[in-house]
Amino acid sequence: SPEELKESLEKELQPYTDTLTRLLVGSYGSLFDTNEISTDCLEVLLDYLSKQKIKTIIFETHCCTINEGVLQKIKNKLLPDHNIVIEMGYESCDPFVLRECLNKVLDLRQLSAAIDLIHSFSMEVSLNVFLGTPFMNTRAQFDSTLQSIEWAFGHGADSVVIFPCNIKPF
């Protein structure tokens, strides 16, 4: 509930806020998905963060949850006092890898549009790229990761986070 979130933030995070310069805020899925985080809880979170001295605040979500409403809400509460980064799961620019190897539903056109929209609100974009895709040999894994990093920067990402995965037999 919003009340529980407020209490938890004050109890668990407050002791560290004076020394933090960057904070990554995420959920088990997409922070801006209203089925996961209620609008009321997001308001509590933004109100809390607006009072902190943390310079960079990173929000992790999926591109399908990016819209003008949520970005305007963040802008109104946190800019210009904070540097805002929206980090999105992306993994790969290869539709086959996304669908068949990672079982991820992602429309790259929607991701590209989300990047443009985020930038129009004076926020940065960070994309997560997967290294070590299952069902591929080592060379193909590295080639796929490099192509995905190039796609990310070519489509406006400000930074990339590489998520390594090591698949072992059995």
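Just above, that's the structure.
Here is a short report on the structure shown in this document. For clarity, every value in this text was computed on a predicted model and none was experimentally measured.

Along a regular strand, successive side chains alternate from one face of the sheet to the other. In terms of burial, strand β4 (residues 124-131) is largely enclosed, as 6 of its 8 residues are buried. For strand β3 (residues 83-91) and β4, the ladder comprises 6 bridges, and the chain directions are parallel. Bridge pairing links V85 to E124 in β4. In the sheet, β4 pairs with strand β5 (residues 159-164) via 6 bridges, with the strands oriented parallel. Counterpart to S126 in the pairing with β5 is S159. The parallel pair β4 and β5 is bridged by helix α6 (residues 138-154), and the resulting crossover is right-handed.

This part covers the pattern of salt bridges. Applying the stated criterion across every chain, the model contains 8 salt bridges. A salt bridge links K11 to E12, with the shortest nitrogen-to-oxygen separation between them at 3.9 Å. Measuring nitrogen to oxygen at the nearest pair gives 2.5 Å for the salt bridge that ties K77 to D47. Note that K77 is positioned in helix α3 (residues 68-78) and D47 in helix α2 (residues 39-50), a separation of 30 residues in sequence. One connected set of salt bridges, linked through shared partners, spans E43, D47, K73 and K77.

Moving on to the layout of surface pockets. A volume near 210 Å³ is recorded for the largest pocket. Around the largest pocket sit L5, L9, L13, L23, L24, V25, G26, S27, L31, I37, C41 and L45, which together line it. Mapped onto the lining of the largest pocket, the elements with two or more residues apiece are α1 (2-13), β1 (22-25) and α2.

Take the packing of α2 against α3 next. Running from N to C, α2 and α3 point in directions that differ by 30 degrees, and their axes come no closer than 9 Å. Compared by their axis directions, α2 and α3 come out roughly parallel. Note that α2 runs across α3; the crossing there is right-handed. Note on element contacts: α3 touches α2 through V70, K73, I74, K77 and L78, opposite T39, L42, E43, L46, D47, L49 and S50. When its residues are assigned to classes, the contact of α2 with α3 shows 6 nonpolar, 2 polar and 4 charged.

What follows covers the packing of α1 against α2. Where α1 contacts α2, the two axes come as close as 9 Å, and the packing angle between them is 30 degrees. One element, α1, and the other, α2, form an angle in the roughly parallel class. When you trace α1 past α2, the crossing you get is right-handed. Residues P2, L5, K6, L9, E10 and L13 of α1 form the contact with α2, whose own contacting residues are D40, C41, V44, L45 and Y48.

Relative to the assigned elements, S126 resides in strand β4. Among the polar contacts listed, one links the side chain of S126 to the side chain of S159, at a separation of 3.0 Å. When sequence neighbours within four positions are dropped, the list of residues in contact with S126 reads V85, I86, E87, M88, S159, V160 and V161.

What follows concerns unusual backbone geometry. For the peptide bond that leads from L79 to P80, omega is 5 degrees, which places it in the cis range. Even without glycine at this site, E91 takes up a positive phi of about 75 degrees. Within the secondary structure, E91 is located in strand β3. Look at F135: it is not a glycine, yet its phi comes out positive at around 75 degrees. Checked against the element boundaries, F135 lands in the loop between β4 and α6. Assessed through its relative accessible area of 73%, F135 is described here as exposed.

Conventions used here
- Residues numbered from 1 in each chain as written.
- Predicted model: local features only at pLDDT ≥ 70, side-chain atom pairs only at ≥ 80, totals over all residues.
- Heavy atoms only, no water.
- Buried < 20%, exposed > 50% of the residue type's maximum accessible area, 1.4 Å probe, protein only.
- Helix = DSSP H or I, 4+ residues; strand = E, 2+ residues; numbered from the N terminus.
- Pairing = 2+ DSSP bridges.
- Right-handed = clockwise from strand over helix to strand, strands pointing away.
- Salt bridge = Lys/Arg side-chain N within 4 Å of Asp/Glu carboxyl O.
- 1 Å grid on protein atoms, 1.4 Å probe; cavity = no way out; pocket = protein on both sides within 12 Å on 5 of 7 lines; lining within 4 Å.
- Points joined across faces, edges and corners; volume = space filled by probe spheres on them.
- Axes fitted to C-alpha atoms, helices over the stretch in contact; angles between N-to-C directions.
- Parallel < 35°, antiparallel > 145°, perpendicular 65-115°, else oblique.
- Left-handed = near helix turned anticlockwise from the far one by under 90°.
- Contact = heavy atoms within 4.5 Å.
- Nonpolar A, V, L, I, M, F, W, Y, C, P; charged D, E, K, R; others polar.
- Polar contact = N/O pair within 3.5 Å; in protein donor to acceptor, adjacent residues only side chain to side chain.

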